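Examining the three-dimensional arrangement
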Amino acid sequence: MGLEEKLPEGILTTQLEALVNWSRQNSTWPLLFGLACCAIEMIATGTARYDIARYGSELFRASPRQADLMIVSGRVSNKMAPVIKRIYDQMCEPKWVIAMGICASAGGPFNNYAIIQGVDKIMPVDVYVPGCPPRPESLLYALDKLREKQAKDTFRTYANLDQPTQLTASEIDALESLRQKQTA
Ligand code: SF4
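What counts and how
- Residues numbered from 1 in each chain as written.
- Predicted model: local features only at pLDDT ≥ 70, side-chain atom pairs only at ≥ 80, totals over all residues.
- Axes fitted to C-alpha atoms, helices over the stretch in contact; angles between N-to-C directions.
- Helix = DSSP H or I, 4+ residues; strand = E, 2+ residues; numbered from the N terminus.
- Parallel < 35°, antiparallel > 145°, perpendicular 65-115°, else oblique.
- Left-handed = near helix turned anticlockwise from the far one by under 90°.
- Contact = placed C-beta atoms within 7 Å.
- Nonpolar A, V, L, I, M, F, W, Y, C, P; charged D, E, K, R; others polar.
- Buried ≥ 20, exposed ≤ 12 C-beta atoms within 10 Å, placed from the backbone.
- Pairing = 2+ DSSP bridges.
- Right-handed = clockwise from strand over helix to strand, strands pointing away.

1. Observations regarding the packing of helix 2 (residues 16-25) against helix 6 (residues 136-151)
It is at 9 Å that the axes of helix 2 and helix 6 come closest, and there the two elements cross at 165°. Judged by the inter-axis angle, helix 2 sits roughly antiparallel to helix 6. Two packed elements cross with a definite hand, and for helix 2 against helix 6 that hand is right-handed. Seen from helix 2, the contacting residues are Asn 21, Arg 24 and Gln 25; seen from helix 6, they are Arg 147, Gln 150 and Ala 151. Its residues placed into classes, the contact of helix 2 with helix 6 shows 1 nonpolar, 3 polar and 2 charged.

Now the structure itself:
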């Protein structure tokens with residue numbers, strides 16, 4: 001006994017949160033950019049052989065305002081960090097980040113002054129993908145993990161969205177002045 005038994009055929013009932021999460025899980029659009037060698041594997045993920053379209057994520061968007069997933073595919077240099085951070089800030093909420101490869105996750109083999117030791121120093125990361133480079137299957141698995149996370153989202157999750165992200169304006173300025181010193 002329930003409402004479903006009284007409804008005509010073809011009508012479904014669900015919770016609004018579940019419906020919203022379902023639509024987000026199946027239409028997560030990545031931002032169109034790559035940083036280094038990992039980007040080649042990310043590009044391969046979009047080909048017919050790997051078929052990222054099965055997740056509705058084949059629409060790599062050239063504008064941060066039309067993307068809700070940032071795949072950081074490659075090492076993040078001090079020079080690029082303020083740029084990436086600004087692009088991340090321009091993306092609308094809700095938004096997600098995948099750190100693709102060991103360089104984006106933790107600096108990789110580049111343990112030096114020029115490379116940020118993990119993109120999570122400048123923005124929150126949802127899924128880390130190990131490997132150098134990770135294969136397209138690994139990125140698809142990361143998308144699977146992200147979908148699991150999206151399925152658990154609640155409207156309450158977004159209640160504190162106006163909290164500042166991890167990098168403050170003065171920290172961005174410090175990165176920018178470091179970049180200027182390096183390029184002088
Ligand atoms: S993890 Fe490996 S393949 Fe990816 S950017 Fe770093 S060095 Fe290149």
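2. With respect to the pairing of strand 2 (residues 96-100)
By the criterion of burial, strand 2 is predominantly enclosed, with 5 of the 5 residues buried. Burial along strand 2 is two-sided: Trp 96, Ile 98 and Met 100 and Val 97 and Ala 99, pointing in opposite directions, are all buried. Taken together, the 5 bridges between strand 1 (residues 69-73) and strand 2 define a ladder with parallel strand orientation. Within strand 2, the residue paired with Ile 71 across the bridge is Ile 98. In this fold, strand 1 hands off to helix 4 (residues 81-90), which returns the chain to strand 2; that crossover is right-handed. Sheet analysis places strand 2 next to strand 3 (residues 127-129), joined by 3 bridges and oriented parallel. Its bridge partner being in strand 3, Ile 98 is matched across the sheet by Val 127. For the crossover from strand 2 across helix 5 (residues 101-106) to strand 3, the handedness is right-handed.

3. Describing the packing of helix 3 (residues 38-45) against helix 6
Two elements in contact, helix 3 and helix 6, have axes separated by 8 Å at closest approach and are oriented at 75°. As judged from the angle between their axes, helix 3 and helix 6 are roughly perpendicular. Of the residues in helix 6, those in contact with Glu 41, Met 42, Ala 44 and Thr 45 of helix 3 are Pro 136, Leu 139 and Leu 140. For the contact of helix 3 with helix 6, a count of residues per class yields 5 nonpolar, 1 polar and 1 charged.

4. Focus on unusual backbone geometry
Here Glu 93 and Pro 94 are connected by a cis peptide whose omega angle stands at -5°. Relative to the elements of secondary structure, Pro 94 occurs in the loop between helix 4 and strand 2. The peptide bond linking Cys 132 to Pro 133 adopts the cis configuration, its omega dihedral lying at -10°. Along the chain, Pro 133 turns up in the loop between strand 3 and helix 6. Backbone geometry at Asp 51 places phi at a positive 60°, although glycine is not the residue there. Positionally, Asp 51 belongs in the loop between helix 3 and strand 1. Owing to 13 C-beta atoms within 10 Å, Asp 51 belongs among the partly exposed residues under this scheme.

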